[in-house]
Amino acid sequence: MEFALFLLFVAVVFAASAIKIVPQQNSWVIERLGRYHASLQPGLNIVVPFVDRVAYKHLLKEVPLDVQPQVCITKDNTQVQIDGVIFYQVTDPRLASYGTANFQLAIVQLAQTSLRSECGKRELDRLLEERNDINRAVIAALDEASPNWGVKVLRYEIKDITPPDAVLRSMQTQITAEREKRALVAQSEGKRQEEINLAEGAMTAAIRESEGQKQAAINNAQGQAQAIMLTATATAEAIRKVAAALSEPGGMEAVNLKVAEQYVAAFGNIAKQGNTLIIPGDLSNMGSLVASAMEIVKQKK
């Protein structure tokens, strides 16, 4: 009875040792008597107990790997501290197990070496501007070596670039000066635009004023021309009426009478000026004129 229980226990242990359940997105490397035998796929797998053993377990998912900060020297002899992150994935469990003693350490060391090399090719300003170019250069170096390690480097990203404190202060001073410069330029542009706007406004006002004066002069000239035309028209009409009146019977005598009356009135006004009596030089003409006028008056009566 005891022997049967012992055999049952040995069978259970044997079965448990023979059955291997590999999780999804994992791969286990099996060694048989110290040599590589197979890579177990996810799911239920059967191995030989006490002969086969699980030597390595690899995760097939994309894995992030931090790259510790390191000091790099730029082309202009500036020391900067840079850290990053690597994303890799195991593609060949066998090479990942036997291609290198520690593929994660190998990836980190090669990434740091490539990063120092790329930083030495650039000045600090370019280093800050060309992060993407540096990332691509590091990935290219890792892609060249990582296939022998059974891994694929998917991405490399620089997380932070930290210059020395003295450089940071000088950069801050430069940034402040640049901002002040832009503020002064903006202020001068605003002043310039203001002066331009004032000048354009004054020019527009002067043009409008001159246009107004021009239009007023035109209107005055047109008014004067119309007044002259109206006066000339009235004078011409009066002359036509006078001419028509002269052609009628007795028109000439009326004109002579009117002239005589005006002559007498004018002579009377002249005689009244001062204490001097003015007498015409040719009284006979005056008499004849008055006589003609009186004759015309009698005829009219």
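Residues numbered from 1 in each chain as written. Predicted model: local features only at pLDDT ≥ 70, side-chain atom pairs only at ≥ 80, totals over all residues. Heavy atoms only, no water.

As annotated in an unreviewed UniProt entry, the protein is Paraslipin from Sulfuriferula nivalis.

(A) Layout of the overall build of the protein. Secondary structure summary: the protein contains eight helices and eight strands in total. Going through the 301 residues of the protein one by one, you find that 24% of them count as buried. Look at the contacts in the protein between residues 6 or more apart in sequence, and 63% of them connect residues 24 or more apart. About 20,800 Å² of surface is accessible on the protein, with carbon and sulfur atoms providing 58% of the total. (Helix = DSSP H or I, 4+ residues; strand = E, 2+ residues; numbered from the N terminus. Buried < 20%, exposed > 50% of the residue type's maximum accessible area, 1.4 Å probe, protein only. Contact = heavy atoms within 4.5 Å. Areas by Shrake-Rupley, 256 points an atom, 1.4 Å probe, with all protein chains shown as cover.)

(B) Focus on the layout of surface pockets. The calculated volume of the largest pocket comes to roughly 160 Å³. What lines the largest pocket is Asp125, Leu128, Glu129, Met171, Gln174, Ile175 and Glu178. Elements represented by at least two residues in the lining of the largest pocket include exactly helix 4 (124-129) and helix 6 (165-247). Tallying contributions element by element places helix 6 first for the lining of the largest pocket, with four residues. The class makeup of the residues in the lining of the largest pocket is three nonpolar, one polar and three charged. Two domains each provide a minimum of three residues to the lining of the largest pocket, namely domain 2 (61-163) and domain 3 (165-207). (1 Å grid on protein atoms, 1.4 Å probe; cavity = no way out; pocket = protein on both sides within 12 Å on 5 of 7 lines; lining within 4 Å. Points joined across faces, edges and corners; volume = space filled by probe spheres on them. Nonpolar A, V, L, I, M, F, W, Y, C, P; charged D, E, K, R; others polar. Domains from an automatic or database assignment.)

(C) A look at the packing of aromatic side chains. Overall, the coordinates contain three aromatic pairs when judged by the stated rule. Between tyrosine 56 and tyrosine 98 the ring centres are 5.5 Å apart and the planes differ by 85°, which places this aromatic pair in the edge-to-face class. Pair noted here: tyrosine 56 is in strand 5 (residues 52-59) and tyrosine 98 is in helix 2 (residues 93-98), with a separation of 42 residues, a long-range link. Judged by relative accessible area, tyrosine 98 falls into the partly exposed class, the value being 36%. Ring centres of tyrosine 88 and phenylalanine 103 lie 5.7 Å apart, and the angle between their planes is 75°; this geometry places the pair in the edge-to-face category. One end of the pair, tyrosine 88, is in strand 7 (residues 79-90); the other, phenylalanine 103, is in helix 3 (residues 103-120), with 15 residues separating them in the sequence. With a relative accessible area of 3%, tyrosine 88 lands in the buried category. Take phenylalanine 103: its relative accessible area is 12%, and that puts it in the buried class. An aromatic cluster of at least three residues, connected via ring pairs, comprises Tyr36, Tyr56 and Tyr98. (Phe/Tyr/Trp six-rings, centres within 6.5 Å; stacked < 30°, edge-to-face > 60°.)

(D) Representation of the nonpolar core. With 31 residues, the main nonpolar core has Ile82, Ile86, Ile107, Leu115 and Tyr156 as its most contacted residues. Sorting the residues of this core by element identifies strand 6 (63-73), strand 7, helix 3, helix 4, helix 5 (131-145) and strand 8 (151-162) as the ones contributing at least two each. Per-element accounting of this core gives the leading share, seven residues, to helix 3. Dropping the residues within four chain positions of it, isoleucine 107 is found in contact with Ile86, Tyr88, Leu142, Trp149, Val151 and Val153. (Core = buried A, V, L, I, M, F, W, Y, C linked by side-chain atoms within 4.5 Å.)

(E) Structural view of the sheet that holds strand 5. Taken together, the three strands give an open sheet; going across it, the order is 3-2-5, and neighbouring strands pair in antiparallel fashion. If you trace the sheet from one side to the other, it starts and ends with strand 3 (35-40) and strand 5, each paired once. Averaged over all pairs of adjacent strands, the angle between strand axes in this sheet comes to 25°, irrespective of strand direction. Where strand 2 (residues 26-32) and strand 5 come together, seven bridges link them in antiparallel fashion. (Pairing = 2+ DSSP bridges. Axes fitted to C-alpha atoms, helices over the stretch in contact; angles between N-to-C directions.)

(F) Focus on the sheet that holds strand 7. With antiparallel pairing, the three strands of this open sheet are ordered in space as 6-7-8. Edge positions in the sheet fall to strand 6 and strand 8, since each of these pairs with one other strand and no more. Taken pair by pair, the neighbouring strands of this sheet meet at an average axis angle of 25°, ignoring direction. Note that strand 6 and strand 7 share nine bridges and pair antiparallel. Residue pairing across strands places proline 64 opposite phenylalanine 87, the latter belonging to strand 7. The sheet contacts of helix 3 involve strand 6, strand 7 and strand 8, and relative to strand 6 the element is tilted by about 35°. Sitting on the sheet, helix 5 touches strand 7 and strand 8, and the angle it makes with strand 8 is about 145°.

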